Amino acid sequence: PASQSERISLIEGDEVVRRRACAALRSISGQQLPAIAESWREWYAEVRGLWDKQIPEWITRARYGPRGVAARAIQELALLRTYRNELVAPLALVLQREEKELVVLTAAALGHLGSLDAIPHLLGLLESPDLDVRRTAYRALRRMTSEDHGDDRLQWERAGWGVPVE
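Here goes a summary of the coordinates provided. (Residues numbered from 1 in each chain as written. Predicted model: local features only at pLDDT ≥ 70, side-chain atom pairs only at ≥ 80, totals over all residues. Heavy atoms only, no water.)

1. Concerning helix α3 (residues 37-53)
Phase 1: Taking 1.5 Å as the rise per residue, α3 with 17 residues should run 24 Å; its terminal C-alpha atoms sit 24 Å apart, in good agreement.
Phase 2: Within α3, the full set of buried residues consists of Ala37, Trp40, Trp43, Tyr44 and Val47. Burial along α3 is one-sided: seen end-on, the buried residues are contained in an arc of 125°. α3 presents Glu42, Ala45, Glu46, Asp52 and Lys53 as exposed residues on the side facing more than 90 degrees away from its buried surface. (Helix = DSSP H or I, 4+ residues; strand = E, 2+ residues; numbered from the N terminus. Expected span 1.5 Å × (residues − 1). Buried < 20%, exposed > 50% of the residue type's maximum accessible area, 1.4 Å probe, protein only. Arc of directions from axis to C-beta.)

2. Brief notes about the side chain of serine 115
Phase 1: As for its placement among the helices and strands, serine 115 is situated in the loop between α7 (100-113) and α8 (119-125).
Phase 2: A polar contact of 2.5 Å, which involves the side chain of serine 115, links it to the side chain of asparagine 85. (Polar contact = N/O pair within 3.5 Å; in protein donor to acceptor, adjacent residues only side chain to side chain.)

3. Side note on the packing of α3 against helix α4 (residues 55-64)
Phase 1: Two numbers describe how α3 lies on α4: the axes approach to 4 Å, and their chain directions differ by 50°. As summarised for this structure, α3 and α4 are arranged oblique, according to the angle between their axes. Listed contacts from α4 to Leu50, Trp51, Asp52 and Lys53 of α3 are Ile55, Pro56, Glu57 and Trp58.
Phase 2: Of the residues that constitute the contact of α3 with α4, the class distribution is 5 nonpolar, no polar and 3 charged. (Axes fitted to C-alpha atoms, helices over the stretch in contact; angles between N-to-C directions. Parallel < 35°, antiparallel > 145°, perpendicular 65-115°, else oblique. Contact = heavy atoms within 4.5 Å. Nonpolar A, V, L, I, M, F, W, Y, C, P; charged D, E, K, R; others polar.)

4. Here we look at the environment of glutamine 4
Phase 1: Structurally, glutamine 4 is set in helix α1 (residues 2-10).
Phase 2: Separated by 144 residues in sequence, glutamine 4 and aspartate 148 have C-alpha atoms that sit 31 Å apart.

5. Things to note about the packing of α4 against helix α6 (residues 84-94)
Phase 1: Running from amino to carboxyl end, α4 crosses α6 at an angle of 20°, the nearest separation of the two axes being 8 Å. By the angle between their directions, the pair α4 and α6 is classed as roughly parallel. Between α4 and α6 lies a crossing whose hand is right-handed. Only Leu87, Pro90, Leu93 and Val94 of α6 make contact with α4, whose side of the interface consists of Ile55, Ile59, Ala62 and Arg63. (Left-handed = near helix turned anticlockwise from the far one by under 90°.)

6. A closer look at the pattern of salt bridges
Phase 1: Using the criterion set out here, one finds 11 salt bridges in the structure.
Phase 2: Arginine 61 is the salt-bridge partner of glutamate 57, the closest N and O atoms lying 2.2 Å from each other. Placement of both glutamate 57 and arginine 61 in helix α4 is noted, with a separation of 4 residues, approximately one turn of the helix.
Phase 3: Note on glutamate 57: relative accessible area 34%, which makes it partly exposed.
Phase 4: We note a salt bridge from glutamate 127 to arginine 153, for which the minimum N-O separation is 3.3 Å. Of this pair, glutamate 127 sits in the loop between α8 and α9 (131-145) while arginine 153 is found in helix α10 (residues 153-158), placing the two residues 26 residues apart along the sequence.
Phase 5: A relative accessible area of 54% places glutamate 127 in the exposed class.
Phase 6: A cluster of three or more residues bridged by salt bridges with shared partners is formed by Lys100, Asp130 and Asp132. (Salt bridge = Lys/Arg side-chain N within 4 Å of Asp/Glu carboxyl O.)

Shown next as structure tokens:
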């Protein structure tokens, strides 16, 4: 996230740099803002405010809240692609919840966020006894890697993806 400010500053550069910086920001953030630095600065200030105030509460709700509250928190966190790497560890803890629906939702959220740091956690889910959990983990892995090694954890690891999570 610290480099977001640098990318935003590049929008004020020449046309080629501006287009590339804006494309990178759109890809990272999921936002479709115009190539105007001030628009991106306002967006980033809002996101930083969320990180400082709201995100810790959403993480707590996802980990410990009742099913509906936790599900809503997971959905909110899944929208914060700017913090994809920072959200992997707290969301990985949500994968330990007993409610299958929350595990499935969290695996899908990790796939949407797209951080490669989530791969070891998703690989672990491929060994779940629950078919929905395995399917969601498999889809998330395919989405994140653009590869398909089936639903066998060892095949993914042989292909060079992930280190086993202890």
